[in-house]
Amino acid sequence: MRATMRRCRLAGGLVALAAAAALLGAGPASAALPDLGPNVVVFSPSTPQATVQAELDAISTQQVHNQFGAQRYALFFEPGTYGSAAHPLVFQLGYYTQIAGLGATPNDVVVNGAIDVFNQCDGSGPCDGLNNFWRSVSNLTLNVHLPSSPPAYAPPTGEDPGCNNSNDLWGVSQAAPMRSVIVNGALILQDYCNRGFVSGGFFANDELNGFVGSFGQQQYFTRNSNIGTWSNGVWNQVFLGDNGAPPTSFGPGTNQYTNVATTRVSEEPPFLTVDAAGNYTVFVPAVQRDSVGPNYEAGTEAGTSIPISRFFVADPATSVTAINAALARGRNLLLTPGVYHLAEPIRVVNPKTVVLGLGFATLIPTNGTAALETASVPGIKISGLIVDAGPVNSPVLVQVGGSNAGGTHDRNDPTLLADVFFRIGGAEPGRATTSLVVNADNAILDDIWAWRADHGAGVGWNSNTADTGVVVNGDNVSAYGLFVEHYQKFEVIWNGQNGNVVFFQNEMPYDPPSQAAWMSSPTTDGFAAFLVSPNVTSFQGYGMGSYSFFNQGVPIFATQAFQAPTTPGVQFHDILTVFLDATHGSGGILSVINGVGGSSTAANADQPVDVANYP
C-alpha cells in the first residue's frame, strides 16, 4: 500500500497531516525515504488534485513575499501526471521553495498547468521582479495549460488576474534555476502585467519546446538545452551548448546574443529519485565533454545511483559535530530545509562525497569560521545551498580544496558546485572577507550567485563588509552562470590557468561613500569587477557584463570593469558595461577592459558599451 501524499506538519500550522514512513513503499527499509522533516512534501499522482492545489497555495501564500524569512520548503512529485488540460494545476512559486520531480528523467513527472513567478507588488511603486530570488524547478515536464478564467491566485497578485492568466509568466531574477525541465508551450521570462523589470536568470539541461519570451530580461544564461524560439535580447543573453539558440549577434543595434557552440565540460547536479517499488536514491549524473543539448535526450541518463541509506540526514537541530563525524565515516550528506547555525565548518574529507541541500538549506557560521570546507580529493558534489555570512567576520565562507591550489583532483571526476548562493547581509547582518575560494583543479561552478546585499538587514558600507565574492586558484576551472554583485574590492579574482567562464553578471557596489574610499591604487579609480591576475597566461571568457549604479549622491567612477594581462592566451569575447538609472545614479565605468572600450555614464544610461574581442 502506498500513501497518496506524505506530509508532515508544515511550519506555521499550514497543514497538519502525517504519514508513517512504512507507507512510503514496499522496498527494503534502507531504501525507503527517511524522515526529512516537516517542510518536505511528497505528492503522489493518486493525491486528489484539490489537495495538491491547497497544499501548494498554502505554501505560496506564505512564501511569495517572504524574501528574508526563515521558512524553507522542498516539494516533490512522484512519477505520474498532475493536472489536465481541462483542469490545469496552476500555482505560484515563492521564496525558498524547491519544486522537483522524483523520476529518473524529466519525462517521468508531467504537470499540466502553469508554474508562475509574478512581480512583487507592495503598493510603494511599480511592480517588479528584480527581487524574485531563491526558488527552483527541476526534473519534470510542464505542459502549459491555462484555465479558461483566472484562478484564485494564492496570494493575490496585485495585478490584473486576466493578464496574469495570459501566459506562464516566469519572471525571475538571480538564484532561480530551471534545470532538467521540458516545457511544452510558451514560457515568458517577464511578468509584463506591470513594469516588471527582471534580472535573471538560469536555464540548464532543459527542453524549451515552444516560444521563450525573454522580453525585458536584462540578461539570461542557457546551457545544454533545446530551444524552440527565443524572442529577443536586452544586454547579455548567453547560450552555451544549446540546440536552436540564436547565433552570436553582439554590438550596437543587435540583440546582444553570445552563442558558444559546445560546453567544454559539464555535470548536472545530483537529484533525488524514487522507483516503482518506492526505493529512494540520489542520482549523480555523469560528466560530459564537448556536449550539446540535454543529457536525457536518449531516454536515459548516464551516471551513478546512491541509495538513500548511504546519506546522513541532517536538520537544523543536528550538531555540526555529528555531521562531521558522519562525513568522516564516509557518509554523504542530505541537508533538509531550514537554517543551520554552525559553530565550526562542515568538513567534507572523502572523495566522491555528495552534499545535497533540499529546499534551499541555509548555512550560517557563528564564530567567524567557514561554513563548509572540502579536502583536496576528487569527485565532491555540492548542490542546493545558501550560505550566509555570520555576525563574526569569516575570512572565507566556502573553501573548495585545501589551502594550496591543486591537490588530488581528477579531471574525469571533478568537484562540482551547482546552485550554491552566498549572501553578505540581507537576511541578517553578516561579514565575510571572501565568499568562495576554489583551490581545486578541474572544478565546475554551475550557477553561483555571490551577493553582498544592497537591501535588507545589516546593509551599509561599514556594516556588511566583504572584499571579494569568488577567488579561483585552481587550474582548468570552468564557471557557467557566474553572478557576483556589490563586493567592495575586486569581485572576482582569477589566479588559475586555463580558466573558462561563460556568462558573468555583475553590479558594482552601490554604496562607496566617496571616491577616496574606493580606490584599487593611488592612480586607479575603483576596482575592476573581474580581475585575471598578471601571472595567468591562458583564460577564456564569453558573455560577461558589469553594471554600475552608484547611489550615494556623489560621483563615483571605476577605471575599468575588467582587468587582465594583455597576452594572446588570455581572451575575452562579448563583454560589456552598462550605467543604470540616470535619475538616481552617478559616476560610472570609464572603460570596459584595460582602458579599451568607451565609458558608461549618465550620458548613455541603460545602453550597453561593448567590446567584442580582447585583445
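Residues numbered from 1 in each chain as written. Predicted model: local features only at pLDDT ≥ 70, side-chain atom pairs only at ≥ 80, totals over all residues. Heavy atoms only, no water.

1. Side note on the sheet that holds strand β21 (residues 303-307)
What links the strands of a sheet is backbone hydrogen bonding, and the strands pair in either a parallel or an antiparallel sense.
In step 1: The sheet built from three strands is open, its strands ordered β18-β19-β21 with antiparallel pairing. Two strands in the sheet have a free side with no partner beyond their single neighbour: β18 (271-274) and β21. Taken over all neighbouring pairs, the strand axes of this sheet differ in orientation by 35 degrees on average, direction set aside.
In step 2: Pairing between strand β19 (residues 280-285) and β21: five bridges, direction antiparallel. Looking at the pairing, Thr281 lines up with Pro307 of β21. (Pairing = 2+ DSSP bridges. Helix = DSSP H or I, 4+ residues; strand = E, 2+ residues; numbered from the N terminus. Axes fitted to C-alpha atoms, helices over the stretch in contact; angles between N-to-C directions.)

2. Topic: the layout of surface pockets
In step 1: Space inside the largest pocket adds up to approximately 1,100 Å³.
In step 2: Taken together, 36 residues make up the lining of the largest pocket; nearest its centre are Asp128, Leu130, Asn131, Arg195 and Phe197.
In step 3: Of the residues assigned to the lining of the largest pocket, the class counts are 12 nonpolar, 16 polar and eight charged.
In step 4: Taken as a whole, the second largest pocket holds about 320 Å³ of empty space.
In step 5: Val284, Thr304, Ile306, Lys352 and Asp413 are the residues nearest the centre of the second largest pocket, which is lined by 20 residues in total.
In step 6: Elements with a minimum of two residues in the lining of the second largest pocket: β19 and β21.
In step 7: Per element, the largest residue contribution to the lining of the second largest pocket is three residues, and it comes from β21.
In step 8: A breakdown of the residues in the lining of the second largest pocket according to their chemical character gives seven nonpolar, seven polar and six charged. (1 Å grid on protein atoms, 1.4 Å probe; cavity = no way out; pocket = protein on both sides within 12 Å on 5 of 7 lines; lining within 4 Å. Points joined across faces, edges and corners; volume = space filled by probe spheres on them. Nonpolar A, V, L, I, M, F, W, Y, C, P; charged D, E, K, R; others polar.)

3. As for the side chain of Thr353
In step 1: When you line up the elements, Thr353 lands in the loop between β25 (346-348) and β26 (354-365).
In step 2: Excluding anything up to four places from it in sequence, Thr353 contacts Leu327, Arg331, Asn332, Val348, Gly379, Ile380 and Lys381. (Contact = heavy atoms within 4.5 Å.)

4. Notes on the sheet that holds strand β39 (residues 530-532)
In step 1: Spatially, the eight strands line up as an open sheet ordered β25-β27-β29-β31-β33-β35-β39-β42, and their pairing is parallel. Taken across any chain shown, the strands that pair with only one partner, and hence form the sheet edges, are β25 and β42 (562-563).
In step 2: Relative to strand β29 (residues 394-400), strand β27 (residues 372-374) runs parallel, the two sharing two bridges. Across the sheet, the residue bridging to Leu372 is Val398, located in β29.

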